[in-house]
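# Breakdown of the fold
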Amino acid sequence: MRADLLALTPDALAALANRGLVKRAQKDLDAGHGPVVEAVESGEVRGRFADGIEVVFPPEGALDSAACTCGAPGVCRHRIAVVLGYQRLPAAAPEFTAWSPGEVGDDVLTAEFGARAVTAARRGWRAGLAVRLRRATATDPVAVAELPTATVRFLVPGELGYAHTDATDRAQQVAIAVWAFREADTRGLAGDDIRFAVGGPSTARVASGPALEVVTRVLSEGVANTSPVLRASIGRIADDLGESGLRWPAAAMAELGEQLDAYAARSAKHRMERCAELLAELPARFRATGAPALVLGTDEQAETRLRRIRLIALGARVRGAPGERVAEVYFAGDSSVLVLKTRWDTGEEPVTGHELARRRIAGTTLEALATSNVVSETAVRSASRALRLGTARIGAMSVTPVGAAWDDLPAVVRDFAAAAEQLADLPPKLVRPRVEAEDIAVVEIAEVCELGYHPGAQRLDAVIADAAGARARITATHSGICPGRLDALHRALASGPTQLSGALRRAGRELLIEPLAVRTEAGVLVPDLAADGRIELLGPPPTVDRDPLRTALTAAESVLAEAAHRGLSHAPPTLRTRAEHTAATLAGVGLRAMAAAMTNLATEWTADSWTVAQIRMLTTSELR
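Just so you know, these numbers come straight off a predicted model, no measurement behind them. (Residues numbered from 1 in each chain as written. Predicted model: local features only at pLDDT ≥ 70, side-chain atom pairs only at ≥ 80, totals over all residues. Heavy atoms only, no water.)

### Points about the sheet that holds strand S10 (residues 303–305)
- The strand order across the open sheet built from three strands is S10-S17-S18, with neighbouring strands paired in antiparallel fashion. Strands with a single pairing partner mark the edges of an open sheet, and in this sheet they are S10 and strand S18 (387–389). The sheet shows a mean angle of 20° between the axes of neighbouring strands, direction not considered.
- In the sheet, strand S17 (residues 379–382) pairs with S18 via three bridges, with the strands oriented antiparallel. When the sheet's bridge partners are listed, Ala-379 is paired in S18 with Leu-389. (Pairing = 2+ DSSP bridges. Helix = DSSP H or I, 4+ residues; strand = E, 2+ residues; numbered from the N terminus. Axes fitted to C-alpha atoms, helices over the stretch in contact; angles between N-to-C directions.)

### Examining the pairing of strand S26 (residues 510–520)
- A large share of S26 lies buried, amounting to nine of its 11 residues.
- Sheet analysis places strand S24 (residues 471–477) next to S26, joined by three bridges and oriented parallel. Note on S26: the bridge partner recorded for Arg-473 is Leu-512.
- A loop of two residues connects strand S25 (residues 499–507) with S26, the two strands running antiparallel in sequence, and Gly-508 in this loop sits at a positive phi of about 65°.
- In this structure, S26 lies alongside strand S27 (residues 523–525), joined through three bridges in antiparallel fashion. Within S27, the residue paired with Thr-520 across the bridge is Gly-523. (Buried < 20%, exposed > 50% of the residue type's maximum accessible area, 1.4 Å probe, protein only.)

### Topic: the layout of surface pockets
- One number sums up the size of the second largest pocket: a volume of about 910 Å³.
- Around the second largest pocket, the lining is made up of 32 residues, and of these Ala-14, Ala-15, Leu-16, Ala-17 and His-164 lie nearest the centre.
- Residue assignment for the lining of the second largest pocket shows that the elements contributing at least two residues are helix H2 (10–16), strand S8 (163–164) and strand S11 (309–321).
- Take the lining of the second largest pocket: its biggest share by element is four residues, from H2. (1 Å grid on protein atoms, 1.4 Å probe; cavity = no way out; pocket = protein on both sides within 12 Å on 5 of 7 lines; lining within 4 Å. Points joined across faces, edges and corners; volume = space filled by probe spheres on them.)

### Observations concerning empty space enclosed by the protein
- All told, the structure shown has one cavity of 30 Å³ or more when counted by the stated rule.
- Considered as a void within the structure, the largest cavity measures approximately 70 Å³ in volume.
- In this structure, the largest cavity is lined by Ala-150, Thr-151, Thr-165, Asp-166, Ala-167, Leu-306, Ile-309, Gly-333, Asp-334, Ser-336, Leu-338 and Arg-381.

### A closer look at the packing of aromatic side chains
- All told, the structure shown has three aromatic pairs when counted by the stated rule.
- Pairing Trp-99 with Phe-154 gives two aromatic rings, centres 6.4 Å apart and planes at 85°, and the pair type is edge-to-face. In this pair, Trp-99 is assigned in the loop between helix H4 (77–87) and helix H5 (106–113) and Phe-154 in strand S7 (residues 150–154), connecting sequence segments 55 residues apart. For the residue pair Trp-99 and Phe-154, the accessibility class agrees, reading buried in each case. (Phe/Tyr/Trp six-rings, centres within 6.5 Å; stacked < 30°, edge-to-face > 60°.)

### Concerning the environment of Gly-315
- One can find Gly-315 in strand S11.
- Here Gly-315 falls in the buried class, since its relative accessible area comes to 0%.
- Along the backbone, Gly-315 and Leu-525 are 210 residues apart, and their C-alpha atoms lie at a distance of 7.9 Å.
- Those residues in contact with Gly-315 that sit more than four places away from it in its chain are Glu-328, Val-329, Tyr-330, Ala-370, Leu-516, Ala-517 and Val-526. (Contact = heavy atoms within 4.5 Å.)

As structure tokens, this is what we get:
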């Protein structure tokens, strides 16, 4: 029996061709219109169709090595039908055997891809990278490596010809994925879902000095009192960090500079709490132990060109400030979510999300793009999962309605409790790789249990349940930029939704979802792009149990953010008194380590004591 053909699941065939061809071949086979399949002892597999078309698979080779008399370029439906028909022959299917791509030797890599490609891959490996590996299991026999700029799926055990990636530099990405699995095997990382890093910059200690010095100066003087000279130095330090290969600290420093500039310009982009988070993130990354590539970033290429790729839109979010609007369209790619950002200068015109829906992006409108299937031959993705779509060539991109494509997504959240636990197992956000859309997912809704509106907070809350009865909370706040958001979301949730996309996070033991799009029988709705409406909500908002832990942590967050904003050298005595009272509250609810950090801050009132308290507050908030 041909183990490679038997190992090709419908999802694997869809990755090698497209799901439409797979569904058509399955339909023809179920209707009795499939080919007559014959397997010979040499390993050759032949299939003949009623119209005379014949497919021949040689004893060795991947799917595209088969010959078909239909004349269609690439992998055609006839080849797929023969594979599926072969799998239905009256022979015992082989049992699943655990395997790892790390078992593939370098001699095999060289024979498959050539010495030059393996050498180029080795340079990328030495630069360091953070990876996520999902091992093959009996329920999902495909091993997957999520690399910074590509995803590699090993569709058939031991067969590099069936290793699939959308990156144009396929040979290098497959080789790096093999080495990543080999490294995990060597380290004894035996879990089904593994995150780790290898290599990374060796200049971290040298480059951290200026970065930490400027953080101390900002904390001492205060965000409200930073001078133009200090803000300019932050930009130079961000550039130096980037040149040293410290990608994540460079991004954090650049964002801190943007926040300080926004405050100086009295822009609505400035957020006091966000400044405090960034001032803690920079020292946290340099203090963290473990592989540098995981917390500091690496020298890996910033962008990767993709081959022909299918992207399934998951909705859009519209943000903005006076004079500008930014739309973020999210797409499910090959085992990861990518984001396409577009910015418009709007001047004094108060442009809403609904009006932006008609603006054009990549040859189509924002509204069409946010609810579409996109097939592109000119896409580029970055290490942070940002996406660019080019339209340089005629026919290089097609856009069709999303339809039922969400059903084809490989990872839909159906177990809310398991999703919340998975979020709890992640490293603290302060030191995780800075990637876009890492928390975006599609969840399946079995029931909408509660739905209501908080007039004071201008917030819509809903409680949904999965098939097992576990609950999650949906929350969305009114925005003047998207005045139709809440009304559209309410109508969608009240009309029996089946699925919802959004950003997932954990609040206490509860799964919290900030929605992007809702799928109902009428189709996929993007609330941020909806027309202005009027909320007509019945009944009170869903009840929320008062959490004393959350209340105490919120009080600590307020004190720490205000201290960073005013500056430790300019803070009034009343703020230190608030820190003492907050410490007592934290101790009263059992958060003793957090209380000790706040007490130490109130006593010493130094940049180091502030940093320790802020880092502990942020990490505790994620767990609580």
